[in-house]
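Here are the chains, one letter per residue:
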Amino acid sequence: MIALRSEMEIRSIRDACRVAAEVLDKVCAKVAPGVTTYDLDQAAKRYMAELGAESACFNYKVGSRRFPAYTCLSVNEEVVHGIGSMRRVLRPGDIISVDIAVRYKGWIGDTARTVALGPITPEVQKLLDTTREALNAGIAQARLGHRIGDIAHAIQSLVEGRGMSVVREFVGHGVGRTMHEPPQVPNFGKPNTLEKLRPGMCIAIEPMVNLGSPDIEYGDDHWTAITRDRRPSAHFEHTVHITAAGPEILTLPPAPTAKPASNDASPTQPQG
Ligand code: MF3
Ligand code: CO
Ligand code: CO
C-alpha cells in the first residue's frame, strides 16, 4: 500500500525535508582536506539537534544489526552507507557522498549529494555531473500518467548512454513516518511498468552511479557498500512530492542568504 498524503501531512514532510536539506548543505560546507568523516558525522549530529531533528539512520535496524552513525558518508569507491571514521582523513582529489536522513516532528526527509575536494579528474567530474543529471531526469518523469518504471528507465538510459553503470542493490523508496516505505524506486527498468504515480505520493529518488562496473561488495564493517573494481561511485538523492502540477522537490537546498557586495550602491541598502 502506497500512502497518499493529505495537505497537512505534506506540510509536515515538507518541513522535515527542509531540515534535511539544510543539514546536507551545512555538512557539505564543512568538507575540506584534513577533515575526517567522523568530524562530518559529529557535525551533522549537532546541526540536526540545533534544528530540533534527529538522525533517521542512527540505530536504523537491518536484520539484527543497527547502523552506528548519524549520516552515511561514502568516499571514492564507497557507494553508500559509509560510516564516519577518525581514520578517514579527506584529501584533495577525493569525492564524498553525503546522505542525510532526518526525523523531524515524526516525519522523514532524505537527501544526498556527492561533492569533490579540490582538483578531480575530468572523468570523475563527468561521474558527478551524470549522477546529478540522472536524478533530474528521474524527477522529470515523476508526474501523473507515469509509473515508477518511467523514472527507473530515464535514470538507467541516461547513465548507460554515458558509458557508466547503475547500482542494482539499492533503490529509492517512499518516504513518510519511516525512512523506507513502499514503493521501491529502482534506478533501472522499463517504461510503463511498476506502480502508477498518484498525487500525494512522496518518494525518494536516488541514483547510485559507478564509473566502472555496477558490481559492489561490502566492507569489513558489513555496512559500507564498495565498488568491486574500486573505481569511484556517486550518489544524488531528493525526496519528491507527486502533484497534479508536476514534481515538487521537497529537499531543495536553502536559498543562499543575501550578502550584498561592499561596492553595492543599492539605495535601499542601509549605509554605514
Ligand atoms: N538515507 C539512506 C537512503 O537514502 C538510508 C540509510 S540506511 C542506514 O535510503 F542504515 F544507513 F541508515
Ligand atoms: Co538517503
Ligand atoms: Co533514501
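Preceding this paragraph is the structure being described.
Summary of the structure given here. Note that the structure is predicted; figures quoted are calculated from it, not measured.

Turning to the overall build of the protein, a few remarks are in order. Helix and strand counts for the protein come out as four helices and 17 strands. Scaling as 2.2 N^0.38, a compact globule of 272 residues should have a C-alpha radius of gyration of about 19 Å, and the protein matches this with 19 Å. Taken over the C-alpha atoms alone, the protein extends approximately 60 × 45 × 40 Å along its principal axes. A total of 272 residues make up the protein; the buried ones form 50% of that total. Considering only contacts in the protein between residues 6 or more positions apart, those separated by 24 or more positions represent 70%. Here the protein has roughly 12,900 Å² of accessible surface; of this, 52% comes from carbon and sulfur atoms. Computing the positive centroid from 31 side-chain charges and the negative centroid from 31, the protein places the two 3 Å apart.

Before going further, it helps to examine the coordination of the cobalt ion (ligand 2). Ideal coordination angles are 109.5 degrees for a metal with four donors arranged tetrahedrally and 90 or 180 degrees for a metal with six donors arranged octahedrally. Summarising the metal site, the cobalt ion (ligand 2) is bound by the protein donors Asp 99 (OD), Asp 99 (OD), Asp 110 (OD) and Glu 237 (OE), whose distances to it range over 2.0 to 2.4 Å. What the six donor atoms of the cobalt ion (ligand 2) show is an angle range of 57 to 167° at the metal, which sorts the shape as irregular. Of note, the cobalt ion (ligand 2) draws all its donor residues from one chain, in the sequence arrangement D-x10-D-x126-E. Between the two metals, the cobalt ion (ligand 2) and the cobalt ion (ligand 3), the spacing is 3.3 Å, and Asp 110 donates to both. Placement of Asp 99 in strand E6 (residues 95–104) and of Asp 110 in strand E7 (residues 107–116) is noted, with a sequence separation of 11 residues between them. Take Asp 99: its relative accessible area is 10%, and that puts it in the buried class. Judged by relative accessible area, which is 2%, Asp 110 ranks as buried.

A few words now on the site of ligand 1. Near ligand 1 you find 14 residues, and of these Asp 99, Asp 110, His 180, Glu 206 and Glu 237 are the closest. One nitrogen or oxygen atom from the side chain of Asp 99 is found 3.1 Å from a nitrogen atom belonging to ligand 1. Between ligand 1 and the protein, one listed contact pairs an oxygen atom with a side-chain N or O atom of Asp 110 at 3.1 Å. Protein chains shield 96% of the accessible area of ligand 1, which is 340 Å² for the free molecule. Residues that form the shell around ligand 1 fall into these classes: seven nonpolar, three polar and four charged.

Evaluation of the coordinates by the stated rule reveals 14 salt bridges. What emerges from the salt-bridge pattern is a single network uniting Glu 7, Arg 14 and Glu 248.

Here strand E4 (residues 72–75) shows a buried face lined by Cys 72 and Ser 74 and a second buried face lined by Leu 73 and Val 75. Note that E4 and E6 share four bridges and pair antiparallel. Each bridged residue has a counterpart across the sheet, and for Cys 72 the counterpart in E6 is Asp 99.

What follows concerns the packing of aromatic side chains. Scanning all chains against the criterion turns up two aromatic pairs. With a centroid separation of 5.1 Å and 85° between ring planes, the pair formed by Phe 67 and Trp 223 is classed as edge-to-face. Of the two residues, Phe 67 sits in the loop between strand E3 (65–66) and E4 while Trp 223 sits in the loop between strand E13 (216–218) and strand E14 (225–227), which places them 156 residues apart along the sequence. For the pair shown, Phe 67 and Trp 223 are each scored as buried. Lying across the ring of Tyr 47, Arg 46 places its NZ or CZ 5.9 Å from the centre. For the cation-ring pair, Arg 65 lies above Trp 223, with the distance from its terminal atom to the ring centre recorded as 4.5 Å.

With antiparallel pairing, three strands are arranged side by side in an open sheet as E5-E14-E13. Of all strands in the sheet, those with a lone pairing partner are strand E5 (78–80) and E13, marking the two edges. In this sheet, neighbouring strand axes are inclined to one another by 45° on average, regardless of whether the strands run parallel or antiparallel. Bridge count for E5 against E14 is two bridges, and the pairing is antiparallel. Across the sheet, the residue bridging to Glu 78 is Ile 226, located in E14.

Calculation criteria
Residues numbered from 1 in each chain as written. Chains lettered and ligands numbered in written order. Predicted model: local features only at pLDDT ≥ 70, side-chain atom pairs only at ≥ 80, totals over all residues. Heavy atoms only, no water. Helix = DSSP H or I, 4+ residues; strand = E, 2+ residues; numbered from the N terminus. Rg over C-alpha atoms; globule rule 2.2 N^0.38 Å. Buried < 20%, exposed > 50% of the residue type's maximum accessible area, 1.4 Å probe, protein only. Contact = heavy atoms within 4.5 Å. Areas by Shrake-Rupley, 256 points an atom, 1.4 Å probe, with all protein chains shown as cover. Lys, Arg positive; Asp, Glu negative; His and termini not counted. Charge placed at Lys NZ, Arg CZ, Asp CG, Glu CD. Donors = N, O, S within 2.8 Å, 3.2 Å for Na, K, Ca; no water. Tetrahedral: all angles 85-135°; square planar, octahedral: opposite > 155°, others 65-115°. Near = heavy atom within 4 Å. Polar contact = N/O pair within 3.5 Å; in protein donor to acceptor, adjacent residues only side chain to side chain. Nonpolar A, V, L, I, M, F, W, Y, C, P; charged D, E, K, R; others polar. Salt bridge = Lys/Arg side-chain N within 4 Å of Asp/Glu carboxyl O. Pairing = 2+ DSSP bridges. Phe/Tyr/Trp six-rings, centres within 6.5 Å; stacked < 30°, edge-to-face > 60°. Lys NZ or Arg CZ within 6 Å of the ring centre and 35° of its normal. Axes fitted to C-alpha atoms, helices over the stretch in contact; angles between N-to-C directions.

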